[in-house]
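# Notes for the structure review
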Amino acid sequence: MGNNASLDHRITEIKELACLLDSSIIDAGSADTIKVTLRDKVERLHTEHYSITAPNPDKPKSRWQTSYKTEDGKRHNIKASTKEALLDQLIKLYSGQLNFDKLTFYSLYKEWLEYKTKITESRNTIKRHEQHYKKYFKTSKLHNMKLKDIDKLTLEVEFNRIVKDFNLTRKEWYNARSIVNGMFDYALDRKYINNNPLDRVKVTVRYRPVKKKKSSTQVYNSDEYSQITRYLDFMFATTGDPAFLACRFNFMVGLRVGELVALKWEDIEDSKLWVYREEIRDQYENKYYIVNHVKTADGRVISLIPQALEILKEVPRTSDFIFAREGTRITSRQIEYVLKKYAERNGLATKSTHKMRKTCASRMHNADVPIDTIRQQLGHSTTAMTWEYIYDPLAPEETYNRMSQAF
């Protein structure tokens, strides 16, 4: 079967007619007319590449038959007692229904996961998909169901049951559902299905509410921020280690730590920073490597404030990477180590590298920077995600004073 535009158009016509034939909006007379048209279109298309053989009159058990090749080059035979029955099977083949009839939810998942493995650089992502499927869907009634039997109502009942039985938060469910979203998008692309029932599925049970964490554990407040920036400046002046400057810089730009340590000098243009590369940790081999993509699909461009540009002027250029020690790129583990040692020396609980990102977002919000600007700076797809990064960045007495002034 060719791949030219004309062929694609003809197959699309067959799919649309087959979908219409399966619907309940046409009467019997119209259905008969559509079926005749479909058989004619399929016969003309199929016989351009394969022959259709009539039964041999000398062989009583002989039947109508033809063949076709799949994408892997394997030849398959189709047989039927009448020519009409044979053409009906070909209609299923060209409309994608032949594969669809045999496909189960689980076999689609396996096929989709194999495809994802080929196009995804992170093995950690594949591992998470496997864990989520095993936890939420392997025990579901969906697991062994044929895809043709799964409709909007079936998905809706199961999705609501899973959220309820596992007492999931909204975020936990969205992570689990992303597997099914990927599976059905793949099924559409493979022409296994003609429409996606997920588009209309709703979860109506209540998600487990998430208690927002205390600001004191999520951001460096104004007193802590002053203290750690003095520490970072002192340590860089004493040691010349650019890892301390990297932390100072990140408090002002709010990058993911993997993005921070993957920055190159070529990514800076005037007062703009192009973010489209990140460091990935392979959990299997415990190795760190750079990939030319970030969580935000197309990367992003962020603004560098004057203070951030001044910090970059202090960074010694020993590598294509901005933050490097004697030509060797600094890793995210070294950034984590800086924050850990700071906490230990000051008798404080260690705050993760992600808290720099939240501190940056919270300080911008406290300075009345519009939430959508903060969203773009952080690389979030929605402001709802950005709001989860906003905490009170003031010291307790400052917050109290502002509350008093408000009245």
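## Describing the packing of helix α2 (residues 28-46) against helix α3 (residues 83-94)
- At a minimum axis separation of 9 Å, α2 and α3 run at an interaxial angle of 75 degrees. Taken together, the axes of α2 and α3 lie roughly perpendicular to each other. Residue-level inspection shows Lys-35, Leu-38, Arg-39, Val-42, Glu-43, Leu-45 and His-46 of α2 in contact with α3, the latter providing Lys-83, Glu-84, Leu-87, Asp-88, Leu-90, Ile-91 and Tyr-94.

## Quick look at the confidence of the model for the chain
- Summarising the model, the chain shows a mean pLDDT of 89, and 94% of its residues fall at 70 or more.
- When pLDDT is averaged over each helix and strand of the chain, the minimum, 58, is found for helix α4 (residues 97-102) and the maximum, 97, for helix α11 (residues 242-253).

## Structural notes on the environment of Arg-248
- The topology assignment puts Arg-248 in helix α11.
- A relative accessible area of 13% means that Arg-248 is categorised as buried.
- The spatial distance from the C-alpha of Arg-248 to the C-alpha of Leu-232 is 6.8 Å, given a sequence separation of 16 residues.
- With near-sequence residues (within four places) excluded, Arg-248 lies in contact with Tyr-225, Thr-229, Leu-232, Asp-233 and Ile-311.
- A polar contact of 2.8 Å, which involves the side chain of Arg-248, links it to the side chain of Asp-233.

## Remarks on the sheet that holds strand β4 (residues 272-275)
- Pairing within the open sheet is antiparallel, and its 3 strands lie in the order β3-β4-β7. Two strands lie at the open edges of the sheet, namely β3 (268-269) and β7 (300-303), each paired on one side alone.

## Regarding the pairing of β4
- Side chains of β4 alternate between two faces, with Leu-273 and Val-275 buried and Lys-272 and Trp-274 left unburied.
- Bridge analysis of β3 against β4 gives 2 bridges, and the strand direction is antiparallel. Looking across to β4, one finds that Ile-268 is bridged to Leu-273.
- Linking two consecutive strands that pair antiparallel, namely β3 and β4, is a turn of 2 residues; a positive phi of about 60 degrees is found at Asp-270 within it.

## Description of a nonpolar patch on the surface
- Residues Trp-274, Tyr-276 and Val-301 make up a contiguous nonpolar surface patch of about 270 Å² in total accessible area.
- Note on placement: Tyr-276 falls in the loop between β4 and β5 (278-282).
- Looking at Tyr-276, the relative accessible area reads 33%, which means it is partly exposed.

## Topic: the packing of aromatic side chains
- Under the defined criterion, the tally for this structure stands at 16 aromatic pairs.
- Taking 6.5 Å as the distance between ring centres and 80 degrees as the angle between the ring planes, the aromatic pair formed by Tyr-174 and Tyr-207 counts as edge-to-face. Residue Tyr-174 is found in helix α8 (residues 170-189), and its partner Tyr-207 is found in the loop between α8 and α9 (215-218); the two are separated by 33 residues along the sequence.
- Judged by relative accessible area, Tyr-174 falls into the partly exposed class, the value being 46%.
- Under the relative-accessibility criterion, Tyr-207 is labelled buried at 17%.
- Ring pairing ties together the aromatic residues Phe-105, Tyr-106, Tyr-109, Trp-112, Tyr-133 and Phe-137, which thus form one cluster.
- Here the guanidinium or amino end of Arg-317 rests over the ring plane of Trp-265, the centre of that ring lying 4.0 Å away.
- Positioned over the ring face of Phe-321 is Arg-329, at 5.8 Å from the centre of the ring.

## Re the nonpolar core
- Residues Phe-249, Phe-323 and Ile-335 are the most contacted members of the largest nonpolar core, which totals 39 residues.
- Listed by contribution, the elements that provide at least two residues to this core are α10 (222-239), α11, α12 (257-260), β4, α13 (306-314) and α14 (332-345).
- In terms of residue count, α11 provides more of this core than any other element does, 9 residues in total.
- Non-local contacts of Ile-335, meaning those with residues more than four positions away in its chain, are made with Ala-243, Ala-246, Cys-247, Val-257, Leu-260, Val-261, Ile-330, Thr-353 and Met-356.
- Residues Phe-105, Phe-137, Leu-155 and Val-163 belong to the second largest nonpolar core, which totals 33 residues.

## As for unusual backbone geometry
- Positive phi, close to 50 degrees, is recorded for Glu-326, a residue that is not glycine.
- You can see Glu-326 is positioned in the loop between β8 (324-325) and β9 (328-329).
- If you check the backbone angles, Asp-368 has positive phi at about 70 degrees while not being a glycine.
- Within the element layout of this structure, Asp-368 appears in the loop between α15 (354-366) and α16 (371-378).
- Owing to a relative accessible area of 68%, Asp-368 belongs among the exposed residues under this scheme.

## Observations regarding the pattern of salt bridges
- Applying the stated criterion across every chain, the model contains 21 salt bridges.
- One salt bridge connects Lys-83 with Glu-43, and the closest N-O pair in it is separated by 2.7 Å. Here the residue Lys-83 occupies a position in helix α3, and Glu-43 occupies one in helix α2, the gap between them amounting to 40 residues.
- Exposure remark for Lys-83: the relative accessible area of 26% places this residue in the partly exposed category.
- Residue classification places Glu-43 among the partly exposed residues on the basis of a relative accessible area of 24%.
- Through salt bridges that share partners, Glu-158, Arg-161 and Asp-165 make up one connected network.

Rules used throughout
- Residues numbered from 1 in each chain as written.
- Predicted model: local features only at pLDDT ≥ 70, side-chain atom pairs only at ≥ 80, totals over all residues.
- Heavy atoms only, no water.
- Axes fitted to C-alpha atoms, helices over the stretch in contact; angles between N-to-C directions.
- Helix = DSSP H or I, 4+ residues; strand = E, 2+ residues; numbered from the N terminus.
- Parallel < 35°, antiparallel > 145°, perpendicular 65-115°, else oblique.
- Contact = heavy atoms within 4.5 Å.
- pLDDT = per-residue confidence, 0-100.
- Buried < 20%, exposed > 50% of the residue type's maximum accessible area, 1.4 Å probe, protein only.
- Polar contact = N/O pair within 3.5 Å; in protein donor to acceptor, adjacent residues only side chain to side chain.
- Pairing = 2+ DSSP bridges.
- Patch = residues over 30% accessible without salt bridge, like charges linked within 9 Å, V, L, I, M, F, W, Y side chains within 5 Å.
- Areas by Shrake-Rupley, 256 points an atom, 1.4 Å probe, with all protein chains shown as cover.
- Salt bridge = Lys/Arg side-chain N within 4 Å of Asp/Glu carboxyl O.
- Phe/Tyr/Trp six-rings, centres within 6.5 Å; stacked < 30°, edge-to-face > 60°.
- Lys NZ or Arg CZ within 6 Å of the ring centre and 35° of its normal.
- Core = buried A, V, L, I, M, F, W, Y, C linked by side-chain atoms within 4.5 Å.

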